[in-house]
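Spelled out, the chains give:
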Amino acid sequence: ADCLASLRRKGLVVESGDPIGASGVSGAPNWHMGSAIAHAFSRWSGCTQPPATADSLPDAVALMVQRYGPPPPHFHRREDAVARIALAEPARTALDDLLERRATCRNFDRSHSVPATQLSALLKRVFGVHGMEELAPGAVALKKNHPSGGALHPVEAYLVVQRVEGLASGLYHYNVEAHALDLLREMPADEAHAFAMTTVAGQEYFADAPVMVMMAARFARSMWKYRNHPKIYRAILLEMGHISQNLYLTATEMNLGAFITAAINEMEIEQAFSLEPMSEGPLCVCGFGARGAAKTTVEFDPAHKVWPAGHEHREG
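Residues numbered from 1 in each chain as written. Predicted model: local features only at pLDDT ≥ 70, side-chain atom pairs only at ≥ 80, totals over all residues. Heavy atoms only, no water.

Draft legend 1. A look at the overall build of the protein. Along its length, the protein carries 10 helices and eight strands. When each of the 316 residues of the protein is scored for burial, the buried share is 41%. Here the contacts in the protein between residues at least 6 apart in sequence split such that 69% fall between residues at least 24 apart. Carbon and sulfur atoms form 56% of the exposed surface of the protein, whose accessible area is close to 17300 Å². (Helix = DSSP H or I, 4+ residues; strand = E, 2+ residues; numbered from the N terminus. Buried < 20%, exposed > 50% of the residue type's maximum accessible area, 1.4 Å probe, protein only. Contact = heavy atoms within 4.5 Å. Areas by Shrake-Rupley, 256 points an atom, 1.4 Å probe, with all protein chains shown as cover.)

Draft legend 2. Local environment of the packing of aromatic side chains. Inspection of the entire model under this criterion finds eight aromatic pairs. For the pair Trp31 and Tyr233, a centre-to-centre distance of 5.7 Å together with 45° between the ring planes defines the contact as tilted. With Trp31 in the loop between helix H1 (2–9) and helix H2 (33–41) and Tyr233 in helix H9 (residues 232–253), this residue pair connects regions lying 202 residues apart in the sequence. Trp31 sits in the buried class, given a relative accessible area of 4%. Residue class for Tyr233 comes out buried when judged on its relative accessible area of 12%. Taking 6.3 Å as the distance between ring centres and 35° as the angle between the ring planes, the aromatic pair formed by Phe219 and Tyr233 counts as tilted. Separated by 14 residues along the polypeptide, Phe219 in helix H8 (residues 219–223) and Tyr233 in helix H9 bring together distant segments of the chain. Residue Phe219 is classed as buried on the basis of its relative accessible area of 0%. By the ring-pair criterion, three or more aromatic residues cluster together here, those being Phe108, Tyr205, Phe206 and Phe259. Arg106 extends its terminal NZ or CZ atom over the ring of Tyr205, reaching a point 4.7 Å from the ring centre. (Phe/Tyr/Trp six-rings, centres within 6.5 Å; stacked < 30°, edge-to-face > 60°. Lys NZ or Arg CZ within 6 Å of the ring centre and 35° of its normal.)

Draft legend 3. Spotlight on the sheet that holds strand S6 (residues 211–218). If you walk across this open sheet you meet the six strands as S5-S4-S3-S6-S8-S7, and the pairing is antiparallel. Every other strand in the sheet has two partners, leaving strand S5 (180–186) and strand S7 (257–261) as the edge strands with one partner each. Across the sheet, the mean angle separating the axes of adjacent strands is 25° when strand polarity is ignored. Across seven bridges, the pairing between strand S3 (residues 155–161) and S6 is antiparallel. Note on S6: the bridge partner recorded for Val160 is Met212. (Pairing = 2+ DSSP bridges. Axes fitted to C-alpha atoms, helices over the stretch in contact; angles between N-to-C directions.)

Draft legend 4. Focus on the pairing of S6. The buried count for S6 comes to seven of eight residues, which makes it a mostly enclosed element. The pairing of S6 with strand S8 (residues 280–289) spans eight bridges and is antiparallel. Among the inter-strand pairings, Ala216 is bridged to a residue of S8, identified as Pro282.

Draft legend 5. Structural context of unusual backbone geometry. We note that His179 has phi near 45°; this positive angle belongs to a residue other than glycine. Assignment of secondary structure puts His179 in the loop between strand S4 (170–175) and S5. Phi is positive for Ala201, close to 55°, though the residue is something other than glycine. Topologically, Ala201 is positioned in the loop between helix H6 (189–199) and helix H7 (204–207).

Draft legend 6. Quick look at the packing of helix H4 (residues 94–101) against H9. Look at H4 against H9: their axes get within 9 Å of each other, and the N-to-C directions meet at 100°. Relative to H9, H4 is oriented roughly perpendicular. Seen from H4, the contacting residues are Leu98, Leu99 and Arg101; seen from H9, they are Gln245, Leu249, Thr252 and Glu253. Grouping the amino acids of the contact of H4 with H9 by side-chain chemistry returns three nonpolar, two polar and two charged. (Parallel < 35°, antiparallel > 145°, perpendicular 65-115°, else oblique. Nonpolar A, V, L, I, M, F, W, Y, C, P; charged D, E, K, R; others polar.)

Draft legend 7. Molecular detail of the environment of Met33. One can find Met33 in helix H2. A relative accessible area of 42% means that Met33 is categorised as partly exposed. A C-alpha to C-alpha distance of 8.2 Å links Met33 and Pro230, two positions 197 residues apart in sequence.

Draft legend 8. Local environment of the environment of Ile269. Within the secondary structure, Ile269 sits in helix H10 (residues 266–273). Between the C-alpha atom of Ile269 and that of Val200, which follows or precedes it by 69 residues, the distance is 9.8 Å. In this structure Ile269 touches Phe195, Thr199, Met214, Ile264, Pro282 and Val285, once residues within four positions along its chain are discounted.

Draft legend 9. Up close: H2. If you check which residues of H2 are buried, you get Ser35, Ala36, His39 and Ala40. In an axial view of H2, the angular spread of the buried residues amounts to 125°, which keeps them on one side of the axis. At its buried positions, H2 is contacted by H8, H9 and S8. (Arc of directions from axis to C-beta.)

Draft legend 10. Looking closely at the environment of Val160. You can see Val160 is positioned in strand S3. Classification of Val160 as buried rests on a relative accessible area of 0%. Taking C-alpha positions, Val160 is 9.9 Å from Glu186, a pair spaced 26 residues apart along the chain. Ignoring any residue separated from it by four or fewer positions in sequence, one finds Val160 in contact with Gly170, Leu171, Ala192, Phe195, Ala196, Pro210, Val211, Met212, Met214 and Phe273.

Spelled out as structure tokens, the structure:
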């Protein structure tokens, strides 16, 4: 009995009807057991990295190649192909220019504040609703600018605002129905930045973004339809990928930089925003704002559409 109790405390043994055992997370109705365990045990708390993380150093890739050898080839060729059919080069459009300028930002201008009009436009385009249809009493389908499993759109946007014109720094929720920001907690600027650092596990170059968006899934929304389904958790992750790309493209069109990271301290985010992790849990953090004038932290821009060729990394 003592051994069994010990295994339950470690989450290595689960009881019927309790798919996450004693992991410290309560209730997971309609979850598939494998997904529930993966979600519960991949959440971080208190994870920090030094301000200059290893992958941001200018010689990081060279050091990895020296240690591990080169990565798998960048182009994948199938030697068993029976033919190769050449494709015509597509005609360029404005979308090509926008896509080429889309690159993850690690160098935010710490003096820049996002205009409220830009924040409003970005939230509406990326997270906002653009149509509604009642499918059955109480069951409403929303039109948003990204695909969603079953058109259920479970993803919510929680914001850490540091520098937005006319807004107090602090924690907000984007109210999609009203297209408004609901202030949850006002914070002094230094406290907001400290919390931003916590959310992204010490990745200082991301914590400098004027606006950070915690993307959290209301799991019950998706699992109302896809009960105990082994694929719905994956569909929610894919949806967040679609949303983040819309955020990148919208920010790029506004001449802002953007980022997304999955290296986050979920537990601290849950606590700050009063989220029950198996009902509404954060899975990634995005951010956006003006780029700095100098590249003090490594960015990957092979097309040289953001930083001109020869713009070397320099220490700030």
